[in-house]
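# A structural walkthrough
The primary structure of each chain is shown beneath.
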Amino acid sequence: MIKTLSKAQKMEREKFRIPFRIPRSVQDAIPIRRIFADGIFQVGNQYSKTWSFTDINYAIAGKEDKTSMFLDYSELLNALDSGASANTSNSIVRERYLTVSVVKRNADEACSYFARVGTDLVTHLAQLSSVATELTLTERLHIFRDFFKAGEQAAAEFNIHEHAKRGQHFKDWFCPDSMEFSADHFKLDARYGRVLYLQDYASYIKDSFVSELCDLDRDLMLSIDILPVPTDEAARQLQSTLLGVETNVANWQRRQNANNNFTATIPYDMELQRKETKEMLDDLTTRDQRMMFGLVTLVHLADNKEQLDSDTETLYSTARKHLCQLSTLRWQQKDGLDTVLPYGLRKIQALRTLTTESTAVLIPFRAQEIMQPNGLYYGQNAVSKNMIVADRRLLLNGNSFRLGVSGSGKSMSAKEEIVQIALSTEDDILILDPESEFGYLTEALGGEVIRISATSDTHINALDMDRAYGDERNPIVSKSEFVLSLFEQLIGDGMVTAKEKSILGRCTEQVYLPYIRNGYKGTPPTLQDFYRLLQMQPEPEAQGLALSSELFITGTLNTFARHTNVDTQARIIAYDIRELGEQLMPLGMLVTLDAIYNRVIQNWKKGRRTWIFCDEFYRARRSVT
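Residues numbered from 1 in each chain as written. Predicted model: local features only at pLDDT ≥ 70, side-chain atom pairs only at ≥ 80, totals over all residues. Heavy atoms only, no water.

### Thoughts on the overall build of the protein
Condition: By the criteria applied, helices consist of DSSP H or I runs no shorter than four residues and strands consist of E runs no shorter than two, each listed in order from the N terminus. A radius of gyration in this sense is built from C-alpha atoms; the matching globule rule multiplies 2.2 Å by the number of residues raised to 0.38. Each residue's exposure class comes from its accessible area (1.4 Å probe, protein chains only) as a fraction of the maximum for that residue type: buried when under 20%, exposed when over 50%, partly exposed otherwise. Surface exposure here means Shrake-Rupley accessible area, sampled with a 1.4 Å probe, where a residue is shielded only by the protein chains that are shown. Only four residue types enter the tally: Lys and Arg on the positive side, Asp and Glu on the negative side; His and the chain ends are excluded. We put the charge of a Lys on NZ, of an Arg on CZ, of an Asp on CG and of a Glu on CD.
In terms of regular secondary structure, the protein is built from 21 helices and 19 strands. On C-alpha atoms alone, the protein measures out to a radius of gyration of 36 Å, which is more than a quarter above the 25 Å that the 2.2 N^0.38 rule sets for 625 residues. Seen through its principal axes, the protein has C-alpha atoms that stretch 125 × 70 × 50 Å. Among the 625 residues that make up the protein, the fraction classed as buried is 48%. When the accessible surface of the protein is split by element, carbon and sulfur atoms take 50% of a total near 31,800 Å². Of the charged side chains in the protein, 73 are positive and 83 negative, and the gap between their average positions amounts to 6 Å.

### Observations regarding helix α11 (residues 333–340)
Counting buried residues in α11 gives 6 out of 8 residues, a clear majority hidden from the surface. Turning to α11, its buried residues number three or more, namely Q333, G336, L337, D338, T339 and V340.

### A few points about the packing of aromatic side chains
This is how it is decided: Stacked, edge-to-face and tilted are the three classes for Phe, Tyr and Trp ring pairs, Trp counted by its six-membered ring, which pair at centre distances within 6.5 Å; planes under 30 degrees apart are stacked, over 60 edge-to-face, the rest tilted. For a Lys NZ or an Arg CZ to count as sitting over a ring, it must be within 6 Å of the ring centre and within 35 degrees of the ring normal.
Evaluation of the coordinates by the stated rule reveals 14 aromatic pairs. When the centroid spacing of 5.3 Å and the interplanar angle of 80 degrees are considered together, the rings of F147 and F148 count as edge-to-face. On the basis of relative accessibility, which here comes to 8%, the residue F147 falls in the buried class. An aromatic cluster of at least three residues, connected via ring pairs, comprises F41, F144, F147, F148, F174 and Y343. Cation over ring: K66 sits above Y58, and NZ or CZ is 5.4 Å from the ring centre. Lying over the aromatic face of W173, R145 brings its terminal NZ or CZ to 5.1 Å of the ring centre.

### With respect to the sheet that holds strand β17 (residues 448–451)
To keep things clear, this is the line we draw: Note on pairing: two strands pair once DSSP finds at least 2 bridges between them. Throughout, an axis means a line fitted to C-alpha atoms (over the contacting stretch in the case of helices), and angles, computed between N-to-C directions, take values from 0 to 180 degrees. What makes two residues a contact is simply this: any of their non-hydrogen atoms within 4.5 Å.
Strand order in the open sheet made by the 4 strands is β17-β18-β16-β19, with parallel pairing throughout. Looking along the sheet, the strands with just one partner apiece sit at the ends: β17 and β19 (610–614). When strand polarity is set aside, the average angle formed by the axes of neighbouring strands in this sheet is 15 degrees. Pairing geometry for strand β16 (residues 428–433) and strand β18 (residues 572–576), over 5 bridges, is parallel. Along β18, the bridge assignment pairs L430 with I573. Sheet strands touched by helix α20 (residues 581–606): β16, β18 and β19. Its angle to β16, the strand with the most contacts, is close to 170 degrees.

### Things to note about the packing of helix α8 (residues 231–258) against helix α9 (residues 268–286)
The cut-off we apply is this: By definition in this entry, angles of less than 35 degrees are roughly parallel, angles greater than 145 are roughly antiparallel, angles of 65 to 115 are roughly perpendicular, and the rest are oblique. We call a crossing left-handed when the near helix sits turned anticlockwise from the far one by less than a right angle, and right-handed when that turn is clockwise.
Taken N-terminus to C-terminus, the directions of α8 and α9 make an angle of 155 degrees; their axes are 9 Å apart at the nearest point. When the axis of α8 is compared with that of α9, the two are roughly antiparallel. Classified by chirality, the crossing of α9 by α8 is left-handed. Residues T231, A234, A235, L238, Q239, T241, L242, V245, E246, N248, V249 and W252 of α8 form the contact with α9, whose participating residues are M270, Q273, R274, T277, K278, M280, L281 and L284.

### Concerning unusual backbone geometry
One can expect most non-glycine residues to show negative phi and most peptide bonds to be in trans. Phi at D288 is positive, roughly 55 degrees, even though this residue is not glycine. Examined against the element boundaries, D288 turns out to sit in the loop between α9 and β11 (291–302). A relative accessible area of 59% means that D288 is categorised as exposed. The phi torsion at S436 lies on the positive side, around 55 degrees, for a residue other than glycine. Positionally, S436 belongs in the loop between β16 and α14 (439–444).

### Comments concerning the nonpolar core
Soluble globular proteins: nonpolar side chains tend toward being buried together. Note the following rule: What is meant by a nonpolar core is a set of buried Ala, Val, Leu, Ile, Met, Phe, Trp, Tyr and Cys residues, joined one to another through side-chain atoms within 4.5 Å.
Of all hydrophobic cores here, the largest spans 53 residues; its most connected members are F114, L222 and F365. Top contributing element to this core by residue count: helix α4 (residues 107–127), with 7 residues.

### A few points about the pairing of strand β1 (residues 32–35)
Pairing analysis gives 3 bridges linking β1 to strand β2 (residues 41–43), with the strands arranged antiparallel. Each residue of the ladder has a partner; that of I32, found in β2, is V43. As consecutive antiparallel partners, β1 and β2 are separated by 5 residues, and within that stretch G39 has a phi angle of approximately 95 degrees, a positive value.

### Points about the pattern of salt bridges
Note the cut-off: Just to be clear on terms, a salt bridge is a Lys or Arg side-chain nitrogen sitting within 4 Å of an Asp or Glu carboxyl oxygen.
A complete count under the given rule lists 32 salt bridges for this structure. A salt bridge links R287 to D283; the shortest N-O distance between them is 2.8 Å. Exposure remark for R287: the relative accessible area of 38% places this residue in the partly exposed category. Measuring nitrogen to oxygen at the nearest pair gives 2.8 Å for the salt bridge that ties D428 to R608.

### Concerning the side chain of R346
Where we set the bar: Between N or O atoms, a polar contact is any pair within 3.5 Å; within protein, one atom must be a potential hydrogen donor and the other a potential acceptor, and residues adjacent in sequence are included only when both atoms are from side chains.
With respect to the helices and strands, R346 occurs in the loop between α11 and β13 (352–355). Classification of R346 by relative accessible area gives buried; the value is 5%. Within polar-contact distance, the side chain of R346 engages the side chain of D225 at 3.1 Å.

Geometric descriptors of this kind do not, in isolation, establish any biological role.
Here is the structure:
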C-alpha cells in the first residue's frame, strides 16, 4: 500500500468508543467537534477550512481555451499539499466550494497552514479567471443549514458569541429535527436522500461528466475527494510494481520455454498491465503528472421515496452514458453523507488511483452564472438555462447595447427592462424614441411623452438653464459651448468664423445676465430673445448670424425657440422625435440630448440615478454627427 494513503487512514481514524459509536441525537450525527471564529472546523482528528470559488465559461470556450483552462486546473491540483486532502462540491445552484482538511496538533498550527494553502489556491484559481473567497464561520455554517433545512428562514443570523452566552450549541442552528438512516437511503425530516459513489471509471471520460451529473433538477451535492501522493513515493511504488510485472512475464516465458513453446505470445492482461504501468511511470517522471487518490460521492434529495428512486435511476443512466457506474452505498449512508458534505472528512474507502490529468477531467467548471441580488432579468443563460439577473449599477461601466436583426425583440427587451426599473426602483428614466414605440408604455407608467415636430404644439426651450446646468463649471460657459454647437448645426460644421464665435459668446452672456441676476428665478430666455439681441449688435457678422437662424427662430421651424410647455422634470420621459423631419432633426437632436445630459448632471448632484434608453441608436448618432 502507498505509504501516504496508509498514513492518512491512520491519522484520520478515530478511536472506537462504544458509548458514542451510535449517535444519541441529531446533533451527535453531525461530525463537527469544534468551530472557530475564523471559519476553521475541527472534524474528527482533522481541521478543515472552506473556500468558495466562482465558475468560469468553460463549456462555451473554444478548443484552445479549454485546453488552457484544463492545464491551469491541473496545475491547481498539482499544487495541493501532499499532507492534506481536498474536497470540491457542487450544489444544484452551481455553488462551488473547496474544502481542505489536515491533521495538526492544534488550531493555531492549522490556521498557519491554511493561510499558506489559501494563498496558493487563490493564486491558481485566479489564473483560471475564477475568484476564490475564504468563507467566514457564518458563511460556512450556512452551507449546512441550506442542506439540512432547505427553504427554512433562520430566525436570526448565527452569532457564535450570542450562542455561547445563551448556552446553546452551535449545531442547533443548522441541524434538522430528525435524521433516519436505512440500508440504501436516509430521511432528513420529511425529505428523502441517497448517497451514491462512482464505483467504476471509464478509460476515457468526457470533461462534461460532472456537469451532466449536476444537471438533475433537485437538491444535489457532488464531492470530489482528492488525496495527493508525493511524486517520489509514487515513482518508487510504480517502479516496484513494474519490476513485479516484469518478473511475472519472465517467469511465464520461462515456463513456456520449459515446455518447448518458444513462440508463445505474452497474455494480453500481462502486456496491458506492463503497458499501463510504464505509461503511468512516464507520466510521473517526464510529463509533470502526480499520482492522486480520488473519490467521487454524490447525495441527492427528493420529497418522497418514489421520486428519490426515479432520480437515482436518472443519475445511473447519466453515468452509464459515459461508461461509468454509480452505485448506492449499502449500510454506509451516514458515512457517505459525512464524506460528501464539505466537512473535510473521508469516511468511504473506495479510492481510485488517478493521475493529475485523469483527476482534472472531473472539472467542476461549466459556465459563469450572473445572478446578482437586486438585479434585473436580462434573459437566459444559453448553457445552463438559468436566468440572467444582473445589476448594472454595480459595474464600473454600466452601459449596454442591444444588438440583433430586425424583429429579434430588441425594443421589447428594452421595454421589459424599463418596466422592471420603474416598478422596483425610484430611478429616473429618459427615453429617446425615434420610432414612436415607447409612448404607450411611458403613459401607462405615469410618465410624460414629449412629441417633438415642426407641427406639434409641444415646445422645448433650447436655452433652458438653471443653477445646476452643466457639470462643475460656470453654467454660462457650458451654455456658450451649446450655443456654438447649435449655430454650427444651423450654418454648417466649420462654417462659423472666429468673429462670429466671439459675437455668439458675447450675446450668450448678455441674454442670460438678467436671469442670473434674478437668482435663476422666473423664466429663462429663449432663442427669440437671443435673435433680437443679435440684431442689436453693430457688427455685420451678427446680422448674418441672425439671418442664417431666422427659419429656426422666428420662422416655421421655431419648435425650440419658445418657452418649454411640457413637464421636463417627470420621472419617466419619452422624447418622441419621429416627426422632426430632415431639416429640424440635427437641431432637435442637439437640444434633446442637451436636455437629457443636463438632467443626468442634475440627478447626479442630487445622488439620484438616471437610466437613458436610446432606440435606433444609429439614427441618433447620424443626426448629431
